[in-house]
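An overview of the molecular structure
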Amino acid sequence: MIPVTEAVRIVVERTEPLGAERVALAEALGRVLASDVFADTDLPPFDRAQMDGYAVRSADVRETPARLRVVGEAAAGSGWRGTLQAGEAVRIMTGAPLPKGADSVQQVEVTREEEDGSVVSIERATEPGQFYITRASEIREGERVLEAGEEINAARMAVLASFGYASVPVRRRPRAAVLATGTELVQVGEKPGEDQIRDSNSYSLAAYAQLAGAVVERLPFAGDDPELLRREIEQAAARADMLVLSGGVSMGRYDFTKAALHALGAETFFERVALRPGKPTVFARLPRGTLVFGLPGNPVSVSVTFNLFARTALRVMQGVPRPEPFEERAVLARPAKGAAERASYLPAALSTDSDGRLLAEPLKWGGSSDFVAFARAAALVVVPAGVKLAEAGSVVKVVRLPG
Ligand code: AMP
Ligand code: MG
């Protein structure tokens, strides 16, 4: 049995980042950048008015009211091409380039146009530099604006668009195949007969894999048939970067996953983790490179082990700089039971107290098959191995669940 942190380390070590590809900007949301992104222009690209009003020379409006001749107009997208002379003003709109000769903008609210717009009275003085943003004061051409490994979110879409990234270099999305084992399983659309249950794991696993950036395929059930299981694994491995199996990794008579992997020549990196729930988790690699996670079938075990291990591997594949589960600290709102030899990862709700501290409240649940209670969990509370009881009020590590 190896500690959870060691298992995570092995996952990171044994997983290779996937190659890069280019996608259209509109398709890039949620993808991970494969290279750094650079500015191809200054921002702003010209001295840009920040107000609607008049571009003026501050020297002309030291004494107010100052009457200036309106010699033109500058709008966003169509500037005024002349040079402002003494005693002149140009009507200007937000986003327009500041005309040559002007050193400031006065907002329209403290001005008054006279004589059919040919003269403006400026009622308040300006400072040089007022109400416009200097060219390149935000970003200089050639500057790095995003880094490889950053996930493209809505705000980063704007950055990519502004610097002309009509297509974006991203990591290829991992292809994950999800395979449920167990003779007891029926499809969601069926009514379970005696001794049967509906398959829920392949849906939660597919969802978690999608949330981690994978393109997911759900394979037909393998039952508890060693031959079928072997065949399905072999076929899926030809097209998948990762295979996620649910069930069949315990010590029962019908737990055939490890035997199937062995028959296919897989290299096993670990098969017992000091984790509760999730001890019999298997991590292996098939001869052609497909990674395999064999997760214990209990619905909560499946979710916990996927998010600790398989999600980490999907993040490594996409070149995320810190792929491992992100640990935060929280105050325990209620005592949590630990175990002698295994770290416990217990479902918990999160909130904040009046001092703004993160609170974790372990859920009342019926163990690793209680997926209904688990559905209300926002995070997992970590109780280290050997800690019998983590007291209410103590500070614990928590790992947020995605989605
Ligand atoms: P196993 O790991 O195969 O021993 O399964 C452990 C428990 O999880 C058993 O009670 C199974 O019925 C249940 N289980 C296995 N696979 C699934 C699944 N796909 N959906 C829901 N429950 C499952
Ligand atoms: Mg089973």
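Residues numbered from 1 in each chain as written. Chains lettered and ligands numbered in written order. Predicted model: local features only at pLDDT ≥ 70, side-chain atom pairs only at ≥ 80, totals over all residues. Heavy atoms only, no water.

1. Some points on the packing of helix α3 (residues 201-211) against helix α6 (residues 299-317)
This is how it is decided: Angles shown run from 0 to 180 degrees and are taken between the N-to-C directions of axes, each axis being a line fitted to C-alpha atoms and, for helices, limited to the stretch in contact. Helix and strand assignments follow DSSP, with helices taken as H or I runs no shorter than four residues and strands as E runs no shorter than two, numbered in order from the N terminus. Roughly parallel covers angles under 35 degrees, roughly antiparallel covers those over 145, roughly perpendicular covers 65 to 115, and oblique covers all other angles. The hand of a helix crossing depends on one turn: near helix anticlockwise from the far one by less than a right angle means left-handed, and clockwise means right-handed. A contact between two residues is defined here by any heavy atoms of the two lying within 4.5 Å. Think of it as three bins: nonpolar holds Ala, Val, Leu, Ile, Met, Phe, Trp, Tyr, Cys and Pro, charged holds Asp, Glu, Lys and Arg, and polar takes everything else, Gly as well.
In contact at an axis separation of 10 Å, α3 and α6 are set at 30° when each is read in the N-to-C sense. Relative to α6, the element α3 lies roughly parallel. The handedness of the crossing between α3 and α6 is right-handed. Counting all contacts with α3, which are made through Asn201, Ser204, Leu205, Tyr208 and Ala209, the residues of α6 involved are Pro299, Val302, Ser303, Phe306, Asn307 and Leu314. Its residues assigned to classes, the contact of α3 with α6 shows seven nonpolar, four polar and no charged.

2. Some remarks on the domain arrangement of the protein chain
Interface size is commonly expressed as the accessible surface area that is lost when the partners come together. Put simply, the rule is: For each domain, the first and last residues come from an automatic or database assignment.
Assigned domains of the protein chain: these are domain 1 (4-18 + 172-317), domain 2 (20-42 + 147-171), domain 3 (48-133) and domain 4 (327-400). The gap between the C-alpha centroids of domain 2 and domain 4 is 37 Å.

3. Side note on the sheet that holds strand β4 (residues 53-56)
The following threshold applies: Strand pairing is assigned whenever DSSP detects at least two bridges linking the two strands.
Here we have six strands laid out as an open sheet, ordered β7-β4-β6-β5-β9-β8, and mixed in their pairing. On the outer flanks of this sheet lie β7 (104-107) and β8 (111-114), each paired with one strand and no other. Pairs of neighbouring strands in the sheet enclose a mean axial angle of 40°, with direction left out of account. As defined by bridge partners, β8 adjoins strand β9 (residues 119-122) across four bridges and the pair is classed as antiparallel. In the sheet register, glutamate 114 faces β9, and the bridge partner there is valine 119.

4. What to know about the packing of helix α1 (residues 4-14) against α6
For the pair α1 and α6, interaxial distance at closest approach is 9 Å and the crossing angle is 30°. Between α1 and α6, the crossing angle belongs to the class labelled roughly parallel. Pair α1 / α6 crosses with right-handed handedness. Seen from α1, the contacting residues are Val4, Ala7, Val8, Val11 and Val12; seen from α6, they are Leu308, Phe309, Thr312, Ala313 and Val316.

5. Some thoughts on the sheet that holds strand β13 (residues 175-180)
Hydrogen bonds along the backbone pair up the strands of a sheet, which may run parallel or antiparallel. Across the sheet, which stays open at both edges, the six strands sit in the order β16-β13-β17-β21-β20-β18 with mixed pairing between neighbours. Two strands close off the open sheet at either side, each with one partner strand: β16 (215-218) and β18 (267-270). In this sheet, neighbouring strand axes are inclined to one another by 25° on average, regardless of whether the strands run parallel or antiparallel. Taken strand by strand, α1 contacts β18, β20 (282-285) and β21 (291-295), and its axis lies near 140° from that of β18. Contacting β13 and β17 (242-246), helix α4 (residues 226-237) crosses the sheet at an angle of about 170° to β13.

6. Focus: the environment of valine 244
Formally: The classification of residues rests on relative accessible area computed with a 1.4 Å probe and restricted to protein chains. Under 20% of the type maximum is buried, over 50% is exposed, and intermediate values are partly exposed.
Along the chain, valine 244 falls in strand β17. Valine 244 gets classed as buried once you look at its relative accessible area, which sits at 1%. Dropping the residues within four chain positions of it, valine 244 is found in contact with Ala177, Val178, Leu179, Leu205, Phe293, Leu295 and Phe306.

7. A few points about α4
Quick note on the threshold: Here a helix's expected span is defined as the number of its residues, less one, multiplied by 1.5 Å. As used here, the arc is the angular range of directions from the helix axis to the C-beta atoms. Polar contact criterion, stated in full: a pair of N or O atoms within 3.5 Å, where within protein one must be able to donate a hydrogen and the other to accept it, and residues adjacent in sequence count only if both atoms are side-chain atoms.
Relative to the 16 Å expected for 12 residues at 1.5 Å per residue, α4 spans 16 Å between its end C-alpha atoms, a close match to the ideal helical length. Within α4, burial applies to Leu229, Glu232, Ile233, Ala236 and Ala237. End-on, the buried residues of α4 take up no more than an arc of 125°, which puts them together on one face. Contact partners of the buried residues in α4: β13, β17 and α5 (257-263). The N-terminus of α4 is capped by aspartate 225, whose side-chain oxygen sits 3.0 Å from the backbone nitrogen of glutamate 227.

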